[in-house]
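# Summary of structural features
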Amino acid sequence: VVPTAPEQPAGEIEYQIKSPDPRPDAPPDYNSHFVPGPTGPAVPPPAGYPGGLPMGYYSPQQPSIFPLGPPTGGTHTVQYQPGKYPVPNQQAPITWMPGPPPVPNCPPGLEYLAQLDNIHVLQHFEPMETITHFETNNRYDIKNNSDQMVYIVTEDTDDFTRNAYRTLRPFVLRVTDCVGREIMTMQRPFRCTCCCFCCPSARQELEVQCPPGVTLGFVVEHWNLCRAVYSIQNEKKENVLRVRGPCSTYGCGSDSVFEVKSLDGVSNIGSIIRKWNGLVSAMADADHFDIHFPLDLDVKMKGMIFGACFLIDFMYFERSPPQRSSR
């Protein structure tokens, strides 16, 4: 006897025939007429991604994908059309003077001055001083005639001293080279100006150390009724050179020239010139000095003339922002 399936009512059989199958049919085979073509060249994966770029990343080997911005990865050189892709807060590149060869009997860091007979001292303009009436640390760029950076000079004085004593403040200036190494330190002690000007305790003085901690020399003010006069001394406080300023040191409308002479006043060694830059010199605290000295001058004396420039700047051309009057 052959077993048979149980009979079902006709209505249920008709319902099963008409009801759709909830599972979709298998997709048709589209590869039945596919003929493979020749094999294309293999494209190596980009560097840094052993398995290729992640999904959604632009690849230069995929011409059908259009990036939303310029490609930034890989070894391809990225060239931007001027103004096409501006970079915010991008500072102008600084071109430094090439490192000079070692010079015998030269303090470390002064080898640059041994190759120069002229340097420019450019003070940074701080507009916030005028707005906030708050004295900030001075900063200077030291450049050669080729507009290459030689040194950077930064003032290191606390906020209270700067704003309490203003132009009479004692200060420390730190001179750094292209690698950020401090090669020179300048220190100005506080000198009371309330007593008689001819008193030695009232005369301004600047000590130059190169390298920091080793005294290179001193710049000492001399009392004079009409003009600025300084002596440049060696580490033993022996007078070596003399600096003689103009009768009017403010130089409104013209350059102010401070002549560097021998002790007898006969030979002209060099000069420190404060350049007149129009309204910038009259209203803003952004001075520009040109320092000239012979190429074959002792490099230590070049460093001392360089230091004398900053004492002159603080004494005659430093402009502190006006203080608010309290009512």
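Residues numbered from 1 in each chain as written. Predicted model: local features only at pLDDT ≥ 70, side-chain atom pairs only at ≥ 80, totals over all residues. Heavy atoms only, no water.

By the naming in an unreviewed UniProt entry, the chain goes by Phospholipid scramblase and is assigned to Propithecus coquereli. Per UniProt, the chain carries the Function (unreviewed entry) text "May mediate accelerated ATP-independent bidirectional transbilayer migration of phospholipids upon binding calcium ions that results in a loss of phospholipid asymmetry in the plasma membrane." What the UniProt record of the chain gives under Sequence similarities (unreviewed entry) is the line "Belongs to the phospholipid scramblase family." (UniProt positions renumbered as here; feature names shortened; annotations may be inferred.)

## Comments concerning the sheet that holds strand S3 (residues 149–155)
Pairing between the strands of a sheet is mediated by backbone hydrogen bonds and can be parallel or antiparallel. Sheet architecture is closed into a barrel: 12 strands sit in the order S1-S2-S3-S4-S5-S6-S7-S8-S9-S10-S11-S12, paired in antiparallel fashion. Strand-to-strand twist in this sheet, taken as the mean axis angle between neighbours without regard to direction, amounts to 20 degrees. As paired strands, strand S1 (residues 118–123) and strand S2 (residues 139–143) are joined by four bridges and run antiparallel to one another. Bridging from a neighbouring strand, Val121 pairs with Ile142 of S2. In the packing of helix H6 (residues 299–317) onto the sheet, the strands contacted are S1, S2, S3, strand S4 (171–176), strand S5 (182–188), strand S6 (205–209), strand S7 (215–222), strand S8 (229–233), strand S9 (239–244), strand S10 (256–261), strand S11 (268–274) and strand S12 (288–292), and the crossing angle to S7 comes to about 40 degrees. (Pairing = 2+ DSSP bridges. Helix = DSSP H or I, 4+ residues; strand = E, 2+ residues; numbered from the N terminus. Axes fitted to C-alpha atoms, helices over the stretch in contact; angles between N-to-C directions. Contact = heavy atoms within 4.5 Å.)

## What to know about unusual backbone geometry
Glycine aside, residues mostly have negative phi angles, and peptide bonds mostly take the trans form. Residue Pro211 is reached from Cys210 by a cis peptide bond, and omega for that bond is -5 degrees. Following the sequence through the fold, Pro211 ends up in the loop between S6 and S7. Non-glycine residue Asp147 carries a positive phi angle of around 60 degrees. A positive phi angle, close to 65 degrees, is found at Lys237, a residue other than glycine.

## Considering the pattern of salt bridges
As enumerated under the stated definition, the model contains 11 salt bridges in all. Of the charged contacts in the structure, one is a salt bridge between Asp287 and Arg274, with a shortest N-O distance of 2.9 Å. Here Arg274 lies in strand S11 and Asp287 lies in the loop between helix H5 (279–283) and S12, a separation of 13 residues in the sequence. Of the two residues examined, Asp287 and Arg274, each falls in the buried class. Each member of the salt-bridge network shares a partner with another, and the members are Glu135, Glu155 and Arg169. (Salt bridge = Lys/Arg side-chain N within 4 Å of Asp/Glu carboxyl O. Buried < 20%, exposed > 50% of the residue type's maximum accessible area, 1.4 Å probe, protein only.)

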